[in-house]
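Listed here are the chains, written in short residue letters.
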Amino acid sequence: MKKLKYDVVVVGGRIGGSVSSLFASKNNADVLMIEKMQEIGTPVQCAGGVTDNIFKTLQMKPSDCYTTSRIEGADVHVPNGKKVSLAGESMKGYILERKMFDKHLAIESAKAGTDIMVKTRVKDLIIRDGKVCGVVAEHLGESFEVEADVVIAADGVESTVARKSGLNTVKSPEKFFSCAQYEMADLDVTSNWLNFYFGEKLAPGGYAWIFPKDDNVANVGLGINGAKETAYTYLKRFASKFDATPVELNVGGIPISGPVQKTFTNGLLVVGDAAGQVDPLTGGGIHLTTVCGKIAGEIAAEAVNAGNTSEKFLKRYEDLWKEKLGKNFEMSLKYRKVLDTLTDEEMNILAEFVENRDIRSISKISALKFFGKNPHLLRLLKEIL
């Protein structure tokens, strides 16, 4: 059997894998990234919305080659038709063309020195004395071994690589958004504004969205949880309201249970969807995965350079991403719990309270008066606090 040797092997070539590879290579590690698909960037895995922070993390400027619309704000539509408008610096961002963005990251990683193998599957891990030492892979029917000091599992929600290492990354089915999305053409949509729609009949346990792209093209999709029908069924119903034509369909699942219990072991790190590094409230994971991927790449390179890829050393990865993102995950899980209990009527009442207000300027007194008039909603405060 053919044998190769690298400092770091990254399994998965989407955002988590490419960012990990990029920063490991930038820090002088010899890196191989393995991707099972024949083309990086397909199929599309999300609606593509990001804030400006992602480019600060990546240390690069946004480019027209992979950004479509500049976003200035969003409207949140509740079941009775009312909407709450959100704007400000925190809402500014872009819609990414994920096919191009994912490939761009892989190309940047290659420019930094990463070797890339596409249409290649990792079949097993090489484990010696309780330590991950590489992978067994297959390309076009040919099997080969890749020895590595560190393996980074960025192989998505199922993450067979992480499980083979002994880590528990299993996510229960009820803790997933089931998602379906069209790219739709000839849709009358404001190019710089997002739209979110809530309602049990529309998207039970989740929400629907319209993310605008160029020339009256938009990503129109939804995520549901605990519904009786498929996400595709709900999507067809939602999309039928618009005089537009679908030109692409993508479906998939997104974990919303928060990070897995442990994201490291001897010789291995776990990143992105595989690690549950997705916002439990929104289901968004691009920036969170980018932050964690960067840390993973840097720590993997540091471990290689130090000649220490033990579990104790690699724990620094989890310590660092929790330091940066731990509170975000904690708050999102609380809000997710609240959202899961909200009825359509309660959502309408909350929207009426914040309508035409700057949410950041709502005073404690006005909030207390509101909850005093609606005591049945006090349980929401208990959940959050």
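Quick caveat: nothing in here was measured; it's all calculated off a predicted structure.

Rules behind the numbers
- Residues numbered from 1 in each chain as written.
- Predicted model: local features only at pLDDT ≥ 70, side-chain atom pairs only at ≥ 80, totals over all residues.
- Heavy atoms only, no water.
- Helix = DSSP H or I, 4+ residues; strand = E, 2+ residues; numbered from the N terminus.
- Rg over C-alpha atoms; globule rule 2.2 N^0.38 Å.
- Buried < 20%, exposed > 50% of the residue type's maximum accessible area, 1.4 Å probe, protein only.
- Pairing = 2+ DSSP bridges.
- Axes fitted to C-alpha atoms, helices over the stretch in contact; angles between N-to-C directions.
- Contact = heavy atoms within 4.5 Å.
- Parallel < 35°, antiparallel > 145°, perpendicular 65-115°, else oblique.
- Left-handed = near helix turned anticlockwise from the far one by under 90°.
- Nonpolar A, V, L, I, M, F, W, Y, C, P; charged D, E, K, R; others polar.
- Core = buried A, V, L, I, M, F, W, Y, C linked by side-chain atoms within 4.5 Å.
- Salt bridge = Lys/Arg side-chain N within 4 Å of Asp/Glu carboxyl O.
- Expected span 1.5 Å × (residues − 1).
- Patch = residues over 30% accessible without salt bridge, like charges linked within 9 Å, V, L, I, M, F, W, Y side chains within 5 Å.
- Areas by Shrake-Rupley, 256 points an atom, 1.4 Å probe, with all protein chains shown as cover.

1. Brief notes about the overall build of the protein
A count of helical and extended segments in the protein gives ten helices and 18 strands. In terms of overall dimensions, the protein is globule-like: its C-alpha atoms have a radius of gyration of 22 Å, near the 21 Å expected for 385 residues. With respect to the three principal axes, the spread of C-alpha positions in the protein is 70 × 45 × 40 Å. Counting the 385 residues in the protein, one finds 51% classified as buried.

2. Comments concerning the sheet that holds strand β14 (residues 207–212)
Spatially, β6-β5-β13-β14-β15-β12-β16 is the arrangement adopted by the seven strands of the open sheet, whose pairing is mixed. The open sheet has two edge strands, β6 (83–87) and β16 (245–255), and neither has a second partner. Across the sheet, the mean angle separating the axes of adjacent strands is 15 degrees when strand polarity is ignored. With five bridges connecting them, strand β5 (residues 73–77) and strand β13 (residues 193–197) associate as parallel partners. When the sheet's bridge partners are listed, His77 is paired in β13 with Tyr197. Its contacts with the sheet place helix α5 (residues 231–239) against β12 (176–185), β13, β14, β15 (218–224) and β16, and it is angled at close to 35 degrees to β12.

3. Structural notes on the pairing of strand β7 (residues 93–96)
Summarising the sheet, strand β3 (residues 49–51) and β7 pair through three bridges and their orientation is antiparallel. Each bridged residue has a counterpart across the sheet, and for Thr51 the counterpart in β7 is Gly93. Two elements, strand β4 (residues 67–71) and β7, share three bridges in a ladder whose sense is antiparallel. By the bridge assignment, Arg70 is partnered in β7 with Tyr94.

4. A look at the packing of helix α6 (residues 286–306) against helix α7 (residues 311–341)
When two helices pack together, you describe them by how their axes are tilted relative to each other and by the distance separating the axes. In the contact formed by α6 and α7, the axes pass within 8 Å of each other and the chain directions differ by 160 degrees. In terms of axis orientation, α6 runs roughly antiparallel to α7. α6 and α7 meet at a crossing whose hand is right-handed. Along its contact with α6, which presents Leu288, Val291, Cys292, Ile295, Ala296, Ile299, Glu302, Ala303 and Ala306, the element α7 presents Phe313, Leu314, Arg316, Tyr317, Leu320, Trp321, Lys324, Leu325 and Phe329. Considered class by class, the residues forming the contact of α6 with α7 number 15 nonpolar, no polar and three charged.

5. Considering the nonpolar core
Counting residues in hydrophobic clusters, the biggest one holds 29 residues, and the most contacted among them are Val8, Ile152, Leu269, Leu314 and Tyr317. Every element with two or more residues in this core is listed here: β1 (2–11), β2 (31–34), β11 (142–153), α6 and α7. In terms of residue count, the dominant contributor to this core is α6 (ten residues). If we ignore the near neighbours within four places in the chain, the residues touching Ile152 are Val8, Val9, Val10, Val11, Ser20, Leu269, Val271, Ala296, Gly297 and Ala300. Val11, Leu32, Leu125 and Ala162 belong to the second-largest nonpolar core, a separate cluster that totals 22 residues.

6. A look at the pattern of salt bridges
Tallying each qualifying case throughout the model produces 19 salt bridges. In this structure, Lys315 engages Asp319 in a salt bridge whose closest nitrogen and oxygen atoms are separated by 2.7 Å. Within this pair, Lys315 and its partner Asp319 are both found in helix α7, separated by four residues, close to a single helical turn. By relative accessible area, Asp319 is classed as partly exposed at 39%.

7. Section: α6
If you check α6, its first and last C-alpha atoms are 30 Å apart, about what 21 residues at 1.5 Å a residue would give, namely 30 Å. For α6, a buried count of 16 out of 21 residues is recorded, marking the element as mostly surrounded by other parts of the structure. Looking one or two residues beyond α6, the residue adopting positive phi is Gly307, at roughly 65 degrees.

8. Topic: a nonpolar patch on the surface
Together, Tyr232, Leu249 and Val251 make up a nonpolar patch on the protein surface, roughly 270 Å² of accessible area in all. Looking at the element boundaries, Tyr232 is found in helix α5.

9. Remarks on the side chain of Arg98
Position of Arg98 among the secondary structure elements: in helix α3 (residues 98–111). The class of Arg98 is buried, set by a relative accessible area of 5%. Setting aside anything within four residues of it in sequence, one finds Arg98 in contact with Arg14, Ile15, Gly41, Val44, Gln45, Cys46, Gly48 and Ile286.

Worth remembering: the numbers are spatial, not functional.
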